Each structure stands twice: as structure tokens, then as C-alpha cells.
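The residues making up each chain are set out below.
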Amino acid sequence: MGFGGGDPEALMRDFLREHGGCAVIDGGLATELEANGADLNDPLWSAKCLISSPHLIRKVHLDYLEAGANIIITSSYQATIQGFESRGFSAEESEALLQKSAEIACEARDIFYKGCSKGFENHNETKKHTVLVAASIGSYGAYLADGSEYSGEYSKEMTLEKLKNFHRRRVEVLAESGADLIAFETIPNKLEAQAYAELLEENNTRTPAWFSFNSKDGINVVSGDSLIECASIADSCKKVVAIGINCTPPRFIQGLILSIRKVTKKPILIYPNSGERYDAEKKEWVTSTGVTDEDFVSYVRVWCEAGACLIGGCCRTTPNTIRGISKVLQK
Ligand SMILES: [Zn+2]
């Protein structure tokens, strides 16, 4: 039986209690892989490294752990069975690659734990620093790799059933991968939130999940669907143990937390991006549009006061950002 005594709801409660009520999520994975030299100009994005450079993924996980992250998110954001199959991998090989994303994160955690226990006579000392591995699931729009996870606009033919069929096997594989929870990230619309909630209920998995939406106006999710309605879907799903926002500019976060708080008592998570704008045509970040690490970290108290208790960073944040967040939360 793992952390939380095998009870999905207890996992997050026990974890947060152990961390004094607030815990640190890691920072951007894909963008940090790029900062470490990976070329991710590819429909698989960060999942490309599962094939070409798993050691780099492990290094970035470790960098975030050393910087103070208590939760690390796997490299499966844009890893889909359909995406791997279109590269010529078999169904089994594709599932193995998903599995591998969890294994690499667990391996990084083991290395980190071993490093922590050095110098402690009593091995139990390491218990103070429980780290959770969250298996990432990016949206259907992320799989399309055309920027539609930031528009939330899927074709008119898209239905709830189609979305469920698209995600079903991937959710099953990652739920059984050894990760502690499933991180549904960058959810752009209500239909996809509904699809995830139904899959979790139907699957009967014991692995808990978090739902994280993205916004580009500070009010609604990116498709224009009501954040309140999206967060309510997450709130109604028993397997969902935290609800929040990721990959959204820091300036919008406080208001979004307050909105989510209106419809849930579950823990609220936030991991904003650096605030830089992504130019989907040029496939690059417009650097002049972001905030400095200092500015980012100066928001942390405000976000806690608004009600967030899981805080990290998304695209273009770095181990340095996470170090800063960790310092503020330790105080
Ligand atoms: Zn992001």
C-alpha cells in the first residue's frame, strides 16, 4: 500500500499535511529539456526524448527535485499511443513508452531519495520529503500539435465519446504505471474535462488525478467555456483530488484561484507559465512578453492567500523559479 494508505482522497490530504499544508510542483519540463539541448520541434514534443534521450528527462527531473519540487510531472504530456503509432511503433511499443515516462520519473525520485538519506543515520529522516510522481496527460489538442490546446477549438465532429476513445487506453496504462497520480494538464474545454471525469469513473482505477485548466483571459478556460463549469465537473468527480490552472500567465492566476474556490473545497493547484507568449506559427516563445523569476516568485504569497496549496511552474519556468517558490513556501 502506498502513500495515503491506498485511499485516493487520503493521498493528497496526507501529502499536504506532511508538507505543512503547501507543496511545490516542478517547473516546465519540455522547455527545460530544450534548455538542456533537446530539439523538440516535433509533433511528439517532449515525448520525443522518451525515444531519443531518456537520460536528459531524468536529469531535468533531478534538477527540479534538487531545486525543491515535491511533485514531478512525467514526460508523457504529448505521448500518445496514436502519436507513437504514426511513427511506426506497435501498440505494445507505444504503451511501453508511456510506461517508460513513469519509470524515468520514479528512477529520478529514487536517486534523489538516496542522495537525501546520505548523512542521515536514521533512514526515516527521508520520510520528511515525500515526492509524488504525477503522470502527465495532455489534451487531444496537444496531440494535434497545432496549438489547439491554447484555442480549445476542436473540429465540429468531435464528440464526448470520441475524446473518451482517444484517451481511454492511455489513461489505463498511466494509471497502472507506478505513478502516484494522473495530472490532466492544460485542459482547454469542458468537453475534455467531462471525458476525463467519465473515464476515471468508468475505469475504477484507484489512482487519483488532478484536473488543470488553462486560460488566456483570466476568466474562462481557453475555449471560452466557463471555468466555473469546468471546475464543477472536476469537483463532482471523486477521483479528482486537486483542481487548478497551468500554463497561464502569472497575472491571471489570483482571480482564477478565487473563481475555482467558489465551486470546490478540494486543494487548488497552480503552475503558471513564465507569461511569455507562444508564437504557434514560428513555434517559438516571444521572450519580451514574460516576467522575471523574481516577479514570478513575488506572486507566491498572493496565490497562497487566495487559496492555492500546490504551486509550481509551467512552460519556460526553470529550476531557478522552483528554487524561489520553495524558499517562499518554507518560510
Ligand atoms: Zn506549459
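Everything below is about the structure shown above.
Reference entry: report on the structure contained in this document. Chains are numbered independently. Their residues run from 1 in the order of the written sequence. This being a predicted model, a pLDDT of at least 70 is required before a residue's local features are given, and a value of 80 or more before pairs of side-chain atoms are given or counted; all residues contribute to the totals for chains, interfaces and linings. Excluded from the side-chain calculations are hydrogens and water; all other atoms, namely the structure's heavy atoms, are used.

Structural notes on the side chain of N189
Short version of the rule: Helix and strand assignments follow DSSP, with helices taken as H or I runs no shorter than four residues and strands as E runs no shorter than two, numbered in order from the N terminus. Only protein chains enter the area calculation, which uses a 1.4 Å probe; residues under 20% of their type maximum are buried, those over 50% are exposed, and those in between are partly exposed. Under this definition, polar contacts are N or O atom pairs within 3.5 Å; protein pairs additionally need one hydrogen-donor-capable and one acceptor-capable atom, and for neighbouring residues in sequence, both atoms have to be side-chain atoms. Contacts are residue-level and defined by heavy atoms, with any inter-residue pair within 4.5 Å sufficient.
Structurally, the position occupied by N189 is in the loop between β4 (181-187) and α9 (190-203). Of the residues examined, N189 reaches a relative accessible area of 6% and is grouped as buried. Only 2.9 Å separates the side chain of N189 from the backbone nitrogen of E192, close enough to count as a polar contact. Once residues lying within four places of it in the same chain are set aside, the contact partners of N189 are G152, Y154, V221, S223, D225 and C230.

Notes on the coordination of the zinc ion
Applied cut-off: Counted as donors are N, O and S atoms no farther than 2.8 Å from the metal, or 3.2 Å for Na, K and Ca; water is not among the atoms, and sites may therefore look incomplete.
The zinc ion binds to the protein through C247 (SG), C314 (SG) and C315 (SG), with metal-donor distances spanning 2.2 to 2.3 Å. One chain supplies every donor for the zinc ion, spaced along it as C-x66-C-C. Exposure remark for C314: the relative accessible area of 9% places this residue in the buried category. Judged by relative accessible area, which is 6%, C315 ranks as buried.

Side note on the packing of aromatic side chains
Stated precisely, the cut-off is as follows: A pair of Phe, Tyr and Trp rings is counted when the ring centres sit within 6.5 Å of each other, with Trp represented by its six-membered ring. The angle between the planes then sorts it: under 30 degrees is stacked, over 60 is edge-to-face, the rest tilted. Geometrically, a charge over a ring is one whose NZ (Lys) or CZ (Arg) sits within 6 Å of the ring centre while staying within 35 degrees of the ring normal.
Per the stated rule, a full pass over the model turns up 13 aromatic pairs. Ring plane angle 0° and centroid distance 5.2 Å describe the contact between Y299 and W303, whose orientation is recorded as stacked. Looking at Y299, the relative accessible area reads 25%, which means it is partly exposed. Taken together, Y140, Y143, Y154 and F166 form an aromatic cluster joined through their ring pairs. We note R251 situated over the ring of F252; from NZ or CZ to the ring centre the distance is 4.5 Å.

Here we look at unusual backbone geometry
Positive phi, close to 50°, is recorded for W45, a residue that is not glycine. For W45, the position within the fold is in the loop between α2 (30-35) and α3 (48-52).

Considerations on the nonpolar core
In globular proteins that are soluble, nonpolar side chains generally tend to be buried together. The condition is simple: Only buried Ala, Val, Leu, Ile, Met, Phe, Trp, Tyr and Cys residues count toward a nonpolar core, and they belong to the same one when joined by side-chain atoms within 4.5 Å.
Core analysis: the largest hydrophobic core is formed by 103 residues, its most contacted members being L33, F184, W210, F211, F213, I270 and L310. With eight residues, the single largest contributor to this core is helix α6 (residues 91-117). Residues Y154, M158, L163 and A195 belong to the second largest nonpolar core, which totals six residues.

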